[in-house]
Every structure is written in C-alpha cells, then in structure tokens.
Amino acid sequence: STVGYFAIGFKDDGTLIDPLPTGDTDRAFIREARRHGTRVDWVVRQVDWESWSGFGAEDLKKRFSALTRSLATMLNEPEPGWFTRLVDRLTFGAIPHIRRGDGVTLYFDHYPEDEMFVQAFGDFYRQLETEIAKTHGSRGAVNLLIPRGALGKGIFQCDRLASLLYRGETRRPEANGKFLV
C-alpha cells in the first residue's frame, strides 16, 4: 500500500517549497508508514502556471531539471536522528537508510496545453522516473493525479499518458506508475 503526503509546492526556479525541511525530527508519519510496510509518496502540487507562460523551451527544461534534482534529493534524505546514525555506524552502511519517501505524485492542475509545455512535461516525467529509479529501484514511482476536467487535454491526453507508461512499443507498462483521476 501507499500513502500520499499532500505537502510540497515549488518555486519558479524548480526549488521545493517544503513544509518539512532537512533535519526536521517531526516525521513520525514516515516511521509509522514504514512500520506497516507502506510506501510514502509526496504529492507535488502546482496550480498557478501563469509565471511560467513567458518561458521558452530551454527555460522549461532548466526549471524541470532543477525540480527533478530537488525531488530526488528530498526523497533520498535519510531519516534524521541518533538511531539512524547508530545503525549506519554499527552495520558499516550494510543496512539501507530509511529514506524520506519512495516516490512522488504530481498534481499539475491548469498545466498549459500548448505543445512546448506538453513536450517539456513528458521529458521531465521521464527524467524524474529515471532519477528515482537510480536510488529506489522498482520500489520508486512517479504518479499523476489528473483533475477530472483535464482528462483528454494537453499532458492528460490518452495517447500521451500511454506513452508515459509504455515508453516504447515493446515495453510493458511500469508496475509502479499510476494515473489517478
């Protein structure tokens, strides 16, 4: 099972607006989810794209690359505290850290529908999937929360969603990626 924590936004430069900054010890929900064998996904929400409307393709690529780095770094943060440090030292790193999350769910309401933005999103999605897979393997995932009114438009067109799942004619859909409406 998976729990989604609805908390993160991002700035125009791709850096996160994170309510639980690095080192915050109040992450009991992560420990509790792990105790029950539940994956933790962070819901990344953006609804106001007006400030991005003047960006060109290179600007979009740069900002989405920064967002990918920010999300990958955030997900890979080890659980803070003395116990984590003790386990790491006693096992010489043989036991993997409990990380801050397993994946993200993107909630991009009102995302621009023009082709340049749609292409930039597809590139971002694949880049983010690749980054998360490097550290989380098959346990990591990138999910999409699709606003009901947006289904069939822009990045939420059925053929575009299928291309994100299949990524090639011979590949089967990824098991962890989900589209939620």
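Everything discussed here concerns the structure shown above.
Residues numbered from 1 in each chain as written. Predicted model: local features only at pLDDT ≥ 70, side-chain atom pairs only at ≥ 80, totals over all residues. Heavy atoms only, no water.

**Some points on the pattern of salt bridges**
For step 1, the next point in the chain: Enumeration according to the criterion identifies five salt bridges in this entry.
For step 2, the next point in the chain: Here aspartate 41 and arginine 39 are joined by a salt bridge, their closest N and O atoms 3.2 Å apart.
For step 3, the next point in the chain: Under the relative-accessibility criterion, aspartate 41 is labelled buried at 1%.
For step 4, the next point in the chain: A salt bridge links aspartate 59 to arginine 63; the shortest N-O distance between them is 3.9 Å. Note that aspartate 59 and arginine 63 are positioned in helix α2 (residues 57–76) at a spacing of four residues, about one turn of the helix. (Salt bridge = Lys/Arg side-chain N within 4 Å of Asp/Glu carboxyl O. Buried < 20%, exposed > 50% of the residue type's maximum accessible area, 1.4 Å probe, protein only. Helix = DSSP H or I, 4+ residues; strand = E, 2+ residues; numbered from the N terminus.)

**So, the packing of α2 against helix α4 (residues 115–136)**
For step 1, the next point in the chain: Their axes nearest at 9 Å, the elements α2 and α4 cross at an angle of 25°. Relative to α4, α2 is oriented roughly parallel. As for the relative orientation of α2 and α4, their crossing is right-handed in sense. Residue-level inspection shows Ala57, Leu60, Phe64, Ser65, Leu67, Thr68, Leu71, Ala72, Leu75 and Asn76 of α2 in contact with α4, the latter providing Met116, Phe117, Ala120, Phe121, Phe124, Gln127, Leu128, Glu131, Ile132, Thr135 and His136.
For step 2, the next point in the chain: Here the contact of α2 with α4 is composed, by residue class, of 14 nonpolar, six polar and one charged. (Axes fitted to C-alpha atoms, helices over the stretch in contact; angles between N-to-C directions. Parallel < 35°, antiparallel > 145°, perpendicular 65-115°, else oblique. Left-handed = near helix turned anticlockwise from the far one by under 90°. Contact = heavy atoms within 4.5 Å. Nonpolar A, V, L, I, M, F, W, Y, C, P; charged D, E, K, R; others polar.)

**Concerning the side chain of serine 70**
For step 1, the next point in the chain: By secondary structure assignment, the location of serine 70 is in helix α2.
For step 2, the next point in the chain: Residue class for serine 70 comes out buried when judged on its relative accessible area of 17%.
For step 3, the next point in the chain: Every residue in contact with serine 70, bar those within four places of it in the chain, is listed here: Gly14, Thr15 and Leu16.

Take it as geometry only, folks, not as evidence of what the structure does.
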